[in-house]
Structures are given as structure tokens and as C-alpha cells.
Amino acid sequence: MTEHERLLEEFEDARFALLMEGVARKEGERLEALNEMLQDRKSVV
């Protein structure tokens, strides 16, 4: 594997990790909102 190939692979790995971090953050926000909604419903019942 050449230096260029190695760097490209590291770049792609980092890019994917950053993408997945964003996905996980958005999913966490969605689940927190859902949890709050369910907690509010629970207090009404």
C-alpha cells in the first residue's frame, strides 16, 4: 500500500466516523424529545 493509498483510507475512515457521529447525535436528540413527550404523557394520565 502506498502512502497515498494509506492516507486516502485514513481520510475515508475519518470522514465516515464524522458522518456517523452526526447520525448518532441526531438520533440522540430525537430519542430525548421522544422521552420528554412520553414523560409528559405519563404525568397527564
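Every value quoted in this text rests on a predicted model; they were computed, and no experiment measured them. (Residues numbered from 1 in each chain as written. Predicted model: local features only at pLDDT ≥ 70, side-chain atom pairs only at ≥ 80, totals over all residues. Heavy atoms only, no water.)

Q: With reference to specific residues and values, describe the overall build of the protein chain.
A: Regarding its fold elements, the protein chain presents one helix and zero strands. Total accessible area computed for the protein chain in this model is approximately 4400 Å², and 60% of it derives from carbon and sulfur atoms. If you average the places of the 7 positive and of the 12 negative side-chain charges in the protein chain, the two averages end up 10 Å apart. (Helix = DSSP H or I, 4+ residues; strand = E, 2+ residues; numbered from the N terminus. Areas by Shrake-Rupley, 256 points an atom, 1.4 Å probe, with all protein chains shown as cover. Lys, Arg positive; Asp, Glu negative; His and termini not counted. Charge placed at Lys NZ, Arg CZ, Asp CG, Glu CD.)

Q: If you had to explain a nonpolar patch on the surface to someone new, which residues and values would you point to?
A: The grouping of Phe 16, Leu 19, Met 20 and Val 23 at the surface amounts to a nonpolar patch, some 390 Å² of accessible area in total. Its place among the elements puts Phe 16 in helix α1 (residues 3-44). (Patch = residues over 30% accessible without salt bridge, like charges linked within 9 Å, V, L, I, M, F, W, Y side chains within 5 Å. Salt bridge = Lys/Arg side-chain N within 4 Å of Asp/Glu carboxyl O.)

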